[in-house]
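Remarks on the overall topology
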2 protein chains.
Amino acid sequence: MDVLSNEVIDQLKERKSVRVFTDQEVSAEVKQILFASAAEAPTAGNQQLYTILDITDGELKKRLSVLCDNQAFIASAPVVLIFCADMLKWLDAYREAGLDHRPAGAGDLFISMDDALIASQNVVTAAQSLGLGSCYIGDIMENCEAVREALCLPEMIFPAAMLVIGYPTQQQLNRTKPARFPMDFIVMENTYRRRTGEELREMFRKDTEPAGKSFEEWIAAFCKRKYESGFSREMTRSVEKYLDDYRRK
Amino acid sequence: MDVLSNEVIDQLKERKSVRVFTDQEVSAEVKQILFASAAEAPTAGNQQLYTILDITDGELKKRLSVLCDNQAFIASAPVVLIFCADMLKWLDAYREAGLDHRPAGAGDLFISMDDALIASQNVVTAAQSLGLGSCYIGDIMENCEAVREALCLPEMIFPAAMLVIGYPTQQQLNRTKPARFPMDFIVMENTYRRRTGEELREMFRKDTEPAGKSFEEWIAAFCKRKYESGFSREMTRSVEKYLDDYRRK
């Protein structure tokens, strides 16, 4: 059974989010490896439909930490990367080549988002293997107008994912990775089947039991904290703004 | 400089798309490792906002190969996985807990897509480390109505990514991985800056020179084949259909 365990799989398993970093800088050489790992990721038609913004300016990090739901640790992260879905560079190339082209649509945004996310996850994996911790910040999709201004994003450039990266503190290394759902609730054969109430209660046992809470209590608290939060509503408002760029005819 | 090269980074670099597979089956044990690697991926608030459909039915594979722009190799791939963005299971849990909740919006779809893509890329990386080849099929986002019917997708379940996986043929192993853009054209510091015509011409030299084509020729042929193709237009139509589910008030 040796073949079923290897260094790569171990690293994927061990990786957990890190939000607190030591003062150790991330060297330019290491950053180059991270970028190269992004570039090596699968990409639709070899188009690399993304641009990576490497946020090195301290004031800009601070501004982003406010815009991303006031998460102070973003401002002090050694590396802050934003993976922008970027179909625009191809449209610019089409125009440079003298072509008329159809207006971009939501499908073009989605395939670019795919590329950006896939590339970002290669960075997470490469970082882990180099002893670096990372955390995704989904909140970068919020506050469209202010984020656009801060990052000088033209129309159609969508900040699909943000990563903060650095060397983890001992406390972060000691933190237990949160348990995932049992696999039976994640994988389905051939077709989708909606989970029954009973199955959902069973599925959430990994959260409710350790917390000593009933299903109703645990779910209500989570729903209030996440789904019904201001940042969650803001995400939809903001994403719809970005989508508007892909609806111009 | 030893630390800058390791098994994980080598594997990320070596990985290339594989579309032709040997007859060798992928064992149940290996599939479990792939699923576990997906589950270990970063996920927003530990929600695992995705469901993986493991397509084992031969007829269904064949149907999907037609629906995904008639790519016959999909039908004969040993493993076909569809990563569905799935906010629905959480909404179902909220309702099971007796909660009223706000309607889901585009932001909820996007954060679920992020989760699905991030998980899928862990599968790609795990597969590579086990000697398996893989290929993303973005076309799964097309033909909303027929794909929904084939996979029994309820409203709000969005097939964000499809992967075909198997053991590569020797011919596929020998294939050269397509060159990526020079890093200077992919990474920008702090803010986005639109590429000039001159920069775009320079950026595409890695494609135009080996092809012995002018920038105009190469770009025009690519644009016609990809961006102005039927499947590309269909992707936007179909994605807008899926988005409609997230606009019900």
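Higher on the page you've got the structure.
These notes cover the structure that comes with them. Owing to the predicted nature of the structure, the values given are computational and were not obtained by experimental measurement.

Observations concerning the nonpolar core
- Counting 194 residues, the largest nonpolar core has F110 and F158 of chain A together with F110, F158 and F204 of chain B as its most contacted members.
- Excluding its chain neighbours within four sequence positions, the residues that come into contact with F158 of chain B are F110 of chain A together with F83, C84, A85, L109, M113, M141, V239 and Y242 of chain B.

A short note on helix α4 (residues 88-96) of chain A
- Of all nine residues in α4 of chain A, seven are buried; the element is thus mostly enclosed.
- Here α4 of chain A has its buried residues at L88, K89, W90, L91, D92, A93 and Y94 of chain A.
- Buried residues in α4 of chain A make contact with β1 (50-55) of chain A together with α8 (197-203) and α10 (215-227) of chain B.
- In the segment just after α4 of chain A, G98 of chain A is the residue with positive phi, at about 85 degrees.

Examining the environment of S214 of chain A
- Position of S214 of chain A relative to the elements: it lies in the loop between α9 (205-211) and α10 (215-227).
- A relative accessible area of 31% places S214 of chain A in the partly exposed class.

Regarding the pattern of salt bridges
- Inspection of the entire model under this criterion finds 40 salt bridges over all chains.
- Between R247 of chain B and E240 of chain A there is a salt bridge, with its nearest N and O atoms 2.8 Å apart. Residue R247 of chain B is located in the segment after α11 (230-244), and its partner E240 of chain A is located in helix α11 (residues 230-244); the two belong to separate chains.
- Looking at R247 of chain B, the relative accessible area reads 26%, which means it is partly exposed.
- With its nearest N and O atoms 2.6 Å apart, the salt bridge here joins E216 of chain B to R201 of chain B. Within this pair, whereas E216 of chain B is found in helix α10, its partner R201 of chain B is found in helix α8, the two being separated by 15 residues in sequence.
- Taken together, the shared-partner salt bridges in this structure form one network comprising E240, D244 and R247 of chain A together with E240, D244 and R247 of chain B.

Considering the packing of aromatic side chains
- Counting across every chain of the model gives 25 aromatic pairs over all chains.
- For the pair W90 of chain A and W218 of chain B, a centre-to-centre distance of 6.4 Å together with 40 degrees between the ring planes defines the contact as tilted. Separated into two different chains, W90 of chain A in helix α4 and W218 of chain B in helix α10 make up a pair that spans both. Across the pair, W218 of chain B and W90 of chain A agree in class, each one buried.
- Look at F181 of chain A and F204 of chain A: their rings are 5.2 Å apart centre to centre, the planes differ by 85 degrees, and that puts the pair in the edge-to-face class. Of this pair, F181 of chain A sits in the loop between α7 (170-174) and β5 (187-189) while F204 of chain A sits in the loop between α8 (197-203) and α9, placing them 23 residues apart in sequence.

Definitions and limits used
Residues numbered from 1 in each chain as written. Chains lettered and ligands numbered in written order. Predicted model: local features only at pLDDT ≥ 70, side-chain atom pairs only at ≥ 80, totals over all residues. Heavy atoms only, no water. Core = buried A, V, L, I, M, F, W, Y, C linked by side-chain atoms within 4.5 Å. Buried < 20%, exposed > 50% of the residue type's maximum accessible area, 1.4 Å probe, protein only. Contact = heavy atoms within 4.5 Å. Helix = DSSP H or I, 4+ residues; strand = E, 2+ residues; numbered from the N terminus. Salt bridge = Lys/Arg side-chain N within 4 Å of Asp/Glu carboxyl O. Phe/Tyr/Trp six-rings, centres within 6.5 Å; stacked < 30°, edge-to-face > 60°.

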